[in-house]
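Residue-level structural notes
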2 protein chains.
Amino acid sequence: MDEQEARRRFAEGRVARMATVGSDGAPHLVPIVFALDGDDVLSIVDAKPKRGPELKRLRNIEANPNVALLVDEYREEWERLWWVRADGTGRVEEEGPTRDRAIELLWAKYDQYRTAWSEPVGAAVVISVHRWRWWSLAGPQA
Amino acid sequence: MDEQEARRRFAEGRVARMATVGSDGAPHLVPIVFALDGDDVLSIVDAKPKRGPELKRLRNIEANPNVALLVDEYREEWERLWWVRADGTGRVEEEGPTRDRAIELLWAKYDQYRTAWSEPVGAAVVISVHRWRWWSLAGPQA
């Protein structure tokens with residue numbers, strides 16, 4: 001796997017796991033749906049979360065913008081295992097063109113936003129990736 | 001989903017994603033195979049990793065033992081999405097009965113360790129879970 005292939009597999013992933021760090025130094029981890037736009041990973045949270053994991057990730061990113069995202073595929077045939085990790089810097093965009101772009105790309109990637117999702121959406125979470133890492137049996141990378 | 005069901009789904013997961021935090025305050029994220037033993041999540045790394053993500057997770061845990069683990073299932077039917085997160089404290093066991101137990105349970109859960117894996121294994125990574133969190137359409141939790 002080279003970086004081009006790593007980015008392709010990441011972009012095609014249907015779910016990523018996003019790790020942030022709390023002010024207590026503990027990691028926080030949630031699955032997200034996302035779209036890759038160049039080196040930006042775009043996602044969006046529900047409108048006005050008052051509690052729970054959505055609010056937690058926003059607070060964490062505001063206090064510590066370091067974010068790691070992982071796309072991987074588990075197979076029982078271990079020789080086919082692979083993962084791609086994106087390390088980056090997160091920010092929250094309450095409104096504006098980047099949020100509009102997130103909605104455009106997410107709606108294009110996931111029919112569910114149109115067909116199965118009636119909740120109003122809120123801020124975009126944008127991760128600017130500064131490092132791609134990947135692993136498969138072709139060889140590990142940090 | 002109640003805590004008993006959350007633990008059951010977590011234990012039956014074939015892969016978890018493990019987040020640790022580096023000394024630079026950035027999260028690190030890898031998929032792991034694991035076994036749940038009471039409130040301990042047991043996994044094992046390759047023998048003598050000299051570089052790469054396996055060594056990174058060991059160094060992170062030694063410097064900051066906070067660990068988050070996530071088991072989730074992505075479905076295109078979003079009404080079936082769920083996840084279970086285990087927050088805990090990690091330690092590395094180079095040898096001894098806990099490492100022996102990890103090997104016993106991992107070999108029992110994953111045939112692949114017997115049939116498809118020829119690499120020597122090294123230290124056990126043990127996460128003592130102090131908080132279980134879960135989410136499904138039945139309702140969110142932090």
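Report on the accompanying structure. Just so it is clear, the model here is predicted, and its values are computed rather than measured.

What follows is about the interface of chain B and chain A. Listed per partner, the contact involves 35 residues of chain B and 35 residues of chain A. Sorting the residues of the side of chain B that touches chain A by element identifies strand 1 (16-21), strand 2 (27-32), helix 2 (52-63), strand 5 (66-73) and strand 6 (82-93) of chain B as the ones contributing at least two each. In terms of residues, the side of chain B that touches chain A owes the most to one element, strand 5 of chain B, which gives 5 residues. Along the lines of polarity and charge, the residues of the side of chain B that touches chain A split into 19 nonpolar, 8 polar and 8 charged.

By a simple turn and slide, chain B fits onto chain A: the slide is 0.0 Å along the axis, the RMSD is 0.0 Å, and the turn is 180°. The two molecules are tied by a two-fold rotation axis, judged by turn and shift. When the interface residues of chain B are mapped onto chain A, 100% of them are again interface residues, pointing to one common binding face.

With that settled, the discussion passes to the environment of Arg7(A). Residue and element names in this part refer to chain A. Within the element layout of this structure, Arg-7 appears in helix 1 (residues 3-12). Residue Arg-7 is classed as partly exposed on the basis of its 18 C-beta neighbours within 10 Å. Here the alpha-carbon distance between Arg-7 and Arg-85, two residues 78 residues apart in the chain, equals 9.3 Å.

This part is about the sheet that holds strand 4 (residues 40-46) of chain B. Residues and elements named next belong to chain B. With antiparallel pairing, the 7 strands of this open sheet are ordered in space as 2-1-5-6-7-4-3. Of all the strands in the sheet, the pair left with one neighbour each is strand 2 and strand 3 (35-37). Averaged over all neighbouring strand pairs, the angle between strand axes comes to 30°, with direction disregarded. Pairing analysis gives 3 bridges linking strand 3 to strand 4, with the strands arranged antiparallel. Bridging across to strand 4, Leu-36 finds its partner in Val-41.

Quick look at the sheet that holds strand 6 (residues 82-93) of chain A now. Residues and elements named next belong to chain A. An order of 2-1-5-6-7-4-3 is seen for the 7 strands of this open sheet, with the pairing classed as antiparallel. Here the strands that pair on one side only, and so sit at the sheet edges, are strand 2 (27-32) and strand 3 (35-37). If you compare each strand with its neighbour and ignore which way they point, the axes differ by 30° on average. Both strand 5 (residues 66-73) and strand 6 contribute to a ladder of 8 bridges, which runs antiparallel. If you follow Leu-69 over to strand 6, its bridge partner there is Ala-86.

What follows concerns the pairing of strand 1 of chain B. Residue and element names in this part refer to chain B. Of all 6 residues making up strand 1, 6 are buried, and the element is well covered by its neighbours. Burial of strand 1 is two-sided: the residues Ala-16, Met-18 and Thr-20 facing one way and the residues Arg-17, Ala-19 and Val-21 facing the other way are all buried. Inspection of the sheet shows strand 1 paired to strand 2 by 6 bridges, in the antiparallel sense. Its bridge partner lying in strand 2, Arg-17 is registered against Pro-31. Here strand 1 folds back onto strand 2 in antiparallel fashion, the turn holding 5 residues, of which Gly-25 has a positive phi close to 80°. Pairing between strand 1 and strand 5: 3 bridges, direction antiparallel. Bridge pairing in strand 5 links Ala-19 to Ala-68.

What counts, and at which threshold
- Residues numbered from 1 in each chain as written.
- Chains lettered and ligands numbered in written order.
- Predicted model: local features only at pLDDT ≥ 70, side-chain atom pairs only at ≥ 80, totals over all residues.
- Contact = placed C-beta atoms within 7 Å.
- Helix = DSSP H or I, 4+ residues; strand = E, 2+ residues; numbered from the N terminus.
- Nonpolar A, V, L, I, M, F, W, Y, C, P; charged D, E, K, R; others polar.
- Least-squares fit on C-alpha atoms with pLDDT ≥ 70 in both.
- Buried ≥ 20, exposed ≤ 12 C-beta atoms within 10 Å, placed from the backbone.
- Pairing = 2+ DSSP bridges.
- Axes fitted to C-alpha atoms, helices over the stretch in contact; angles between N-to-C directions.

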